[in-house]
Amino acid sequence: MDNKNIKLEKIDFSVLGMSCAACSKSAGAKYITITTRHHDGFSLFKTATSSYNSVDDTPFKRDIIKELAEACKRHDIKLHLYYSHLDWGREDYPVGRTGRGTGRPKEKANWPSYFQFMNTQLTELLTNYGEVGAIWFDGWWDHDNDAKPFDWQLEEQYGIIHKLQPQCLIGNNHHTTPFPGEDIQIFERDLPGENKAG
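The notes below deal with the structure included here. (Residues numbered from 1 in each chain as written. Predicted model: local features only at pLDDT ≥ 70, side-chain atom pairs only at ≥ 80, totals over all residues. Heavy atoms only, no water.)

**A short note on the overall build of the protein**
Looking only at helices and strands, the protein has 4 helices and 5 strands in total. Each helix (α) and strand (β) of the protein, taken in turn from the N terminus, gives the series α-β-α-β-α-β-α-β-β. Expressed as a percentage of its 198 residues, the buried residues of the protein come to 39%. Considering only contacts in the protein between residues 6 or more positions apart, those separated by 24 or more positions represent 61%. Accessible surface, the protein: about 11,000 Å² in total, of which carbon and sulfur atoms supply 54%. (Helix = DSSP H or I, 4+ residues; strand = E, 2+ residues; numbered from the N terminus. Buried < 20%, exposed > 50% of the residue type's maximum accessible area, 1.4 Å probe, protein only. Contact = heavy atoms within 4.5 Å. Areas by Shrake-Rupley, 256 points an atom, 1.4 Å probe, with all protein chains shown as cover.)

**Focus: the layout of surface pockets**
Here the largest pocket defines a volume of roughly 300 Å³. In terms of lining, the largest pocket is formed by 14 residues, of which the most central are Ala69, Cys72, Lys73, Ile77 and Glu131. At the level of secondary structure, the elements contributing two or more residues to the lining of the largest pocket comprise helix H2 (64–74) and strand E2 (78–84). Of the residues assigned to the lining of the largest pocket, the class counts are 5 nonpolar, 2 polar and 7 charged. (1 Å grid on protein atoms, 1.4 Å probe; cavity = no way out; pocket = protein on both sides within 12 Å on 5 of 7 lines; lining within 4 Å. Points joined across faces, edges and corners; volume = space filled by probe spheres on them. Nonpolar A, V, L, I, M, F, W, Y, C, P; charged D, E, K, R; others polar.)

**Remarks on unusual backbone geometry**
Positive phi, close to 60°, is recorded for Lys61, a residue that is not glycine. Summarising the element assignment, Lys61 is placed in the loop between strand E1 (31–37) and H2. The phi dihedral of Asp76 falls on the positive side, at around 55°, and the residue is not glycine.

**Points about the sheet that holds E1**
Pairing is parallel in the open sheet, where 5 strands are placed in the order E1-E2-E3-E4-E5. The two strands at the open ends of the sheet, each matched to only one other strand, are E1 and strand E5 (184–185). Pairing analysis gives 4 bridges linking strand E3 (residues 134–138) to strand E4 (residues 169–172), with the strands arranged parallel. Bridge pairing in E4 links Phe137 to Asn172. Its contacts with the sheet place helix H3 (residues 111–128) against E1, E2 and E3, and it is angled at close to 170° to E2. Strands E3 and E4 of the sheet are contacted by helix H4 (residues 154–164), whose axis makes an angle of about 150° with E4. (Pairing = 2+ DSSP bridges. Axes fitted to C-alpha atoms, helices over the stretch in contact; angles between N-to-C directions.)

**Topic: the nonpolar core**
Ranked by internal contacts, the top residues of the largest apolar core, which has 34 residues, are Leu81, Ile135, Phe137 and Ile161. Counting residues per element, the ones that place at least two in this core are E1, H2, E2, H3, E3 and H4. Not counting residues within four places of it along the chain, the set of residues in contact with Ile161 comprises Leu126, Ile135, Phe137, Pro166, Cys168 and Ile170. (Core = buried A, V, L, I, M, F, W, Y, C linked by side-chain atoms within 4.5 Å.)

**What to know about the packing of aromatic side chains**
One pass over the full model with this rule turns up 14 aromatic pairs. An angle of 90° between the planes, with centres 6.3 Å apart, marks the rings of Tyr83 and Phe137 as edge-to-face. Of the two residues, Tyr83 sits in strand E2 while Phe137 sits in strand E3, which places them 54 residues apart along the sequence. Exposure class is identical for Tyr83 and Phe137. Each is buried. Members of the aromatic cluster, connected to one another through ring pairs, are Tyr93, Trp111, Tyr114, Phe115, Phe117, Phe150 and Trp152. Its end group placed over the ring of Phe117, Arg90 keeps NZ or CZ at 3.8 Å from the ring centre. (Phe/Tyr/Trp six-rings, centres within 6.5 Å; stacked < 30°, edge-to-face > 60°. Lys NZ or Arg CZ within 6 Å of the ring centre and 35° of its normal.)

What follows is the structure, encoded as structure tokens:
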């Protein structure tokens, strides 16, 4: 696709969240899951932690998660949020088995700094957008081959989530039996119990 001539200011995105919510509701869906931040580290919401987001670093200049959250509330459909545990752009994220070609220096890895960054973003998501039905985590598998098991400090992170929104379900895309604090098991590209996709 050649997108050189697309002018974002000419496209009406104002009804996008509303349309997604209305369409999903009419199809019988009970919830919508949207990626808030993927492995590239770009956030689809206004965050105090980084300018690398849809409000501060795009011509769009809008908070996509806010608009979808409002539409979900209006159409009585649950909002679920996908959030990546790994980040190929931040130097403080400890390099795992992916993203090695990004040029991040291993010596700049700083887990306490990165853990605080994630928890700050999760707090923003759980306090600025109304009720969240679930958080879908991804990226745990980036350190599943480490010689010394990597401590993601999941229980502490899950505690923050359940403190802010006790009803919020937590799932993690690790394809194993749910860990303490997790409420659901995630199956991406798999059937329950098969775990062939890894």
